[in-house]
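# Geometric and topological summary
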Amino acid sequence: MGVPLIETRGLKKYFKTSRGMLHAVEDINLKIQAGETLGVVGESGCGKSTLGRTILRLLPATAGEVLYNGENILTYKKHEMQKIHLNMQMIFQDPYSSLNPRMSIANIIAEPIKVCGTVTGRHAIEEKVEEIMDLCGLPKRYMNTYPHELDGGRRQRVGLARAMAVDPKFIVCDEPVSALDVSIQAQILNLLMDLQEQKGLSYMFITHDLCVVKHISSNIMVMYMGQVVEYASKEELFKNQLHPYTKALLSAIPTIDLSRRSRERHALTGEVTSPIEPAPGCRFAPRCPHASEKCREQSELREVSPGHYVSCVLCR
Amino acid sequence: MSKRNAKSTAPHERSAWGLILFRFQKNKLAMLGVVILAAMALVILLAPLYVSYDRVSALDVLNKFVTPCKEFPFGTDELGRDLFARVIYGGRISLFGGIATIVIAFSIGCIIGGAAGYFGGKVDTVLMRMIDMLMAIPSALLAMAIITALGNGIWKLIIALAISEIPRFARVVRASILTLRNQEYVEAAKCYGSSSLQIIMRHILPNGIGPIIVSATLMLGQTIISISSMGFLGLGVESPTPEWGTIISENKINIRYYPHLGLIPGACIMLAVMAVNFIGDGLRDAFDPRTKN
Amino acid sequence: MRESAVHAEKCENLLEIQDLHVQYNTDDAVVHALNGFSLTVNRGQKIGLVGETGAGKTTCALSILRLLPDKVGQITSGSITYDGEDLLHAPTAYMLSLRGTKVSMIFQDPMTSLNPIITVGDQILEVLDLHYPDMSKEEKEKRVDEILSLVGIPPSRKNEFPHQFSGGMKQRIVIAMALIAEPELLLADEPTTALDVTIQAQILELMKELKSKFNTAVVLITHDLGVVAEFCDDVAVVYAGEVIESGSVEAVFAREKNHPYTEGLFNCLPDLSSTAPRLIPIPGFMADPTNLPEGCSFADRCPYCRSICRSEKPQMHVWGGHGIKCHLFGQKEVE
């Protein structure tokens, strides 16, 4: 494989809080090839959204590099930022707060085009907006409507259309279907996959829902309290998950498959705390049924089999 | 749901501002406010055409306390001055002075509050501590102190009052921006490279403007009264220059026997404040696309 | 026969809702939230009420407790019988004694269902104060300690305030409040939707334990078919204010015979064990509750729609406790 489209090296994001440094994203190394989807899974507060926003420079990184086509975008000066805006976009979780309620649908989609200046001239912009709306399955008659007149699924399509307006190569999807009903969720997932096929897009798909991630991703990264605990291809991860947290997460998912009702469960006790000034070692250890003295040592992501990385002392 | 069906009848092919204007025009009370205010402004501005300014301070002791009649439509006061001329010319200071004060306080308050809310951190701390310092002094006292320092004069009065009103605007603007700056559509705008100014102008202000406009209109009434209280204290507007508030305070001893001396300028203040409040409510609704078209 | 038979065998019915119609009179239009909603809950039964946003699940729970918003929400016809008592015509005093003691409700958001300025211990005590005014102070304190340890919270933490607990812990406290009076029926409205999956698993496990301890009947309202499959004995699928399919979890989730809507729901759900590359979404949108069609409310989105579906409301067709409200099955049975 050539140069990955997106790569991070030792990416860190800390936040200052009154109780000390919060290690939201700790030393993340990931690669996303063109046309691929990386699924990032974890519970609330595991740093998955922060990771996505740090890659897009919506938040300043504390340390590390983000490479786009081999170029470190974190060192870009103000006038170079356009390259990021034209290639990397984001879609958001909340279909209600992600659209400006005072702007019509056509204006929402036209705004990025106008700001980036990819297309100029009133007529040309209008044509582009129509093209994008068509691409995202939005009928033309919605052009002059306002977000509050649309339901959640259509609003999410508008959010996607806004991201697609500048023809990006990479989109960070932050829980784009979590707030939607299942029947609408399926429509949006299919649309995302169609667009990927047509345009060769790459996604970073952030979600707490392993079922959704299984459906859409090529590779999956499981995060816990800011750290990557397991990273593998989709097939490998669902066939042979190694980290105790991944196992617990998988067994906790309620399933409609009655044959799995009596499956072995790795029920977890306790809850996620926030990683403020965390002690070295595995952050999952306090909830881990297999934790031992060894877990207090520095934990590291190790390659246990080709392409399958696990951060657990039990998996050598 | 029914709204979604009704949208086919909604106006098409209108720009965002066109739509705001359209919704504003649909609001009957707001349009009434506009008509009242426009009429008052016209009457006041065109005053030199039908009343000479000399009549404002021309004493005519023989004709004092005349009740409204053909020659003196609003009657005369204890010095025999034509109340009609005084009210009409007084409007220049009351109405336009009040509006000018609000416009200045509003603009500066928006900038300070906007910057504090949007940038946060140190900018916020420094700006808001300054605002807190201003707020710690009663606004009337502050205005008096400023005008004493600057000296008398209508423009100096306006500036003094504007400064004393900046803190309230700054706080309202900051609060509304704080709730809006973390909205996901603001993040989306950052994603496609909108500048801070673009984000504030396109995404934050249009959404936060409603409560700010309403508080601005509510404060206009207060400002008209403040101008008159300052005049009463001999600050800013000096007798014999007329001004609605001053007219009332000049005549307050005689109001008991000649109520028109207080009622007429009082009605002018009330009418102006009411009209502005109607317009404010109308604007707030017009800025919100969720109100029906 | 216009009756929803969740269980074929005759048990003692705790709650029986018959052909309930509820509408919301808003400024713009009349929203028909429930349209002939029928449901039977037996003692100790765990029944799941599944449906999408706007299907009328929460309206149903609010109607049972007569907590519909004043003036706006209106029950137009039908009946709700609780333990032989007609709830729609019961005096207010009876309803007050019912809420909290016999029927409890858990809401979706644990963050807003607790009062932030009262300690959790006092909030639970308040429930006891209301329903057992004669109980001694010590007795009450003891009950609070018991219920807290039962839901997995150390009683020593009862003097803390809600914000000192995490989301999952708060939901445990809400459950403790709902169960302290040992109700016969628990209405749980999306109790785990706001929680993470591992916490959701804990809460569901807790509810299962408590259910078997107190033999409380549970109506679990959710949009998540998986949660129903894991937690419930029986399931009722709600669409446009009607129960369109009901039966045991085994019968419905066997996926052999289903209402076209239920079938659509199964098809569009990304599941861990499925390998399909694409999901099959249900086309179209939920019927407009201000303007319901004459026939079957799912007809517009149904792949098997025929002319009869547009003109006539389907009846519930029942086989051994599994009921489906669809013309498709009536036809087959006749054939």
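All values reported here derive from a predicted model rather than from experimental measurement. (Residues numbered from 1 in each chain as written. Chains lettered and ligands numbered in written order. Predicted model: local features only at pLDDT ≥ 70, side-chain atom pairs only at ≥ 80, totals over all residues.)

## Notes on the nonpolar core
Threshold: A set of buried residues drawn from Ala, Val, Leu, Ile, Met, Phe, Trp, Tyr and Cys, joined through C-beta atoms within 7 Å, is what defines a nonpolar core. Three exposure classes are used, based on other C-beta atoms lying within 10 Å of a residue's own C-beta, which is placed from the backbone: buried for 20 or more, exposed for 12 or fewer, and partly exposed in between. Note on conventions: DSSP H or I runs of at least 4 residues are helices, E runs of at least 2 residues are strands, and numbering of each starts at the N terminus. Segmentation into domains, and thus their bounds, comes from an automatic or database assignment.
Counting 254 residues, the largest nonpolar core has A:I109, A:A161, C:A176 and C:V228 as the members making the most contacts within it. Counting residues per element, this core draws most heavily on helix α6 (residues 83–119) of chain B, at 16 residues. For this core, the two domains that each supply at least three residues are domain 1 (13–102 + 183–334) and domain 2 (117–181) of chain C.

## A look at helix α6 (residues 197–214) of chain C
As a reminder of what qualifies: The span you would expect from a helix comes to 1.5 Å times its residue count less one. Contact between two residues is assigned whenever their backbone-derived C-beta positions fall within 7 Å.
With 18 residues, α6(C) should reach 26 Å at 1.5 Å per residue; the first-to-last C-alpha distance of 25 Å fits that figure. Residues of α6(C) that are buried: C:V197, C:T198, C:I199, C:Q200, C:A201, C:Q202, C:I203, C:M207 and C:L210. Looking at the buried side of α6(C), the elements it contacts are α9 (244–252) of chain A together with α4 (137–150), α5 (167–179) and β8 (217–222) of chain C. A positive phi of about 50 degrees marks C:N215, the residue just after α6(C).

## Quick word on the interface of chain A and chain C
The condition is simple: Each residue is assigned to one class: nonpolar for Ala, Val, Leu, Ile, Met, Phe, Trp, Tyr, Cys and Pro, charged for Asp, Glu, Lys and Arg, and polar for all the others, Gly among them.
Of the residues lining the interface, 30 residues belong to chain A; the matching set on chain C comes to 36 residues. Ranked by the residues each element gives to the side of chain A that touches chain C, the list is headed by helix α6 (residues 182–199) of chain A, at 6 residues. A breakdown of the residues in the side of chain A that touches chain C according to their chemical character gives 15 nonpolar, 7 polar and 8 charged.

## So, the interface of chain B and chain A
If you look at the interface, chain B gives 21 residues, while chain A gives 28 residues. When residues of the side of chain B that touches chain A are traced back to their parent elements, those giving at least two are α1 (2–6), α10 (184–191) and α11 (196–232) of chain B. In terms of residue count, α10(B) provides more of the side of chain B that touches chain A than any other element does, 6 residues in total. Counted by class, the side of chain B that touches chain A contains 7 nonpolar, 7 polar and 7 charged residues.

## Overview of the domain arrangement of chain C
Residue and element names in this part refer to chain C. Partitioning chain C into structural domains gives domain 1 (13–102 + 183–334) and domain 2 (117–181). Measuring from the centre of the C-alpha atoms in domain 1 to the corresponding centre in domain 2 gives 31 Å. Listed per partner, the contact involves 14 residues of domain 1 and 14 residues of domain 2. Tallied by class, the residues present in the side of domain 1 that touches domain 2 amount to 11 nonpolar, 3 polar and no charged.

## A few points about the pairing of strand β1 (residues 6–17) of chain A
Residue and element names in this part refer to chain A. Our working rule: Here, strands pair whenever DSSP counts at least two bridges between them.
Note: β1 against strand β4 (residues 63–68), 5 bridges, orientation antiparallel. Across the sheet, the residue bridging to R9 is E65, located in β4. Here β1 runs beside strand β2 (residues 20–32); their pairing, made up of 9 bridges, is antiparallel. Within β2, the position partnered with E7 by the bridge is K31. Linkage of β1 to β2, two consecutive antiparallel strands, is achieved through a turn of 2 residues.

## Brief notes about the sheet that holds strand β5 (residues 71–72) of chain A
Residues and elements named next belong to chain A. Strand order across the open sheet formed by 4 strands is β2-β1-β4-β5, with antiparallel pairing between neighbours. Each of the sheet's edge strands pairs with one partner strand only, and the pair in question is β2 and β5. Where β4 lies against β5, 2 bridges are found, and the strand directions are antiparallel. Within β5, the residue paired with L67 across the bridge is N72.

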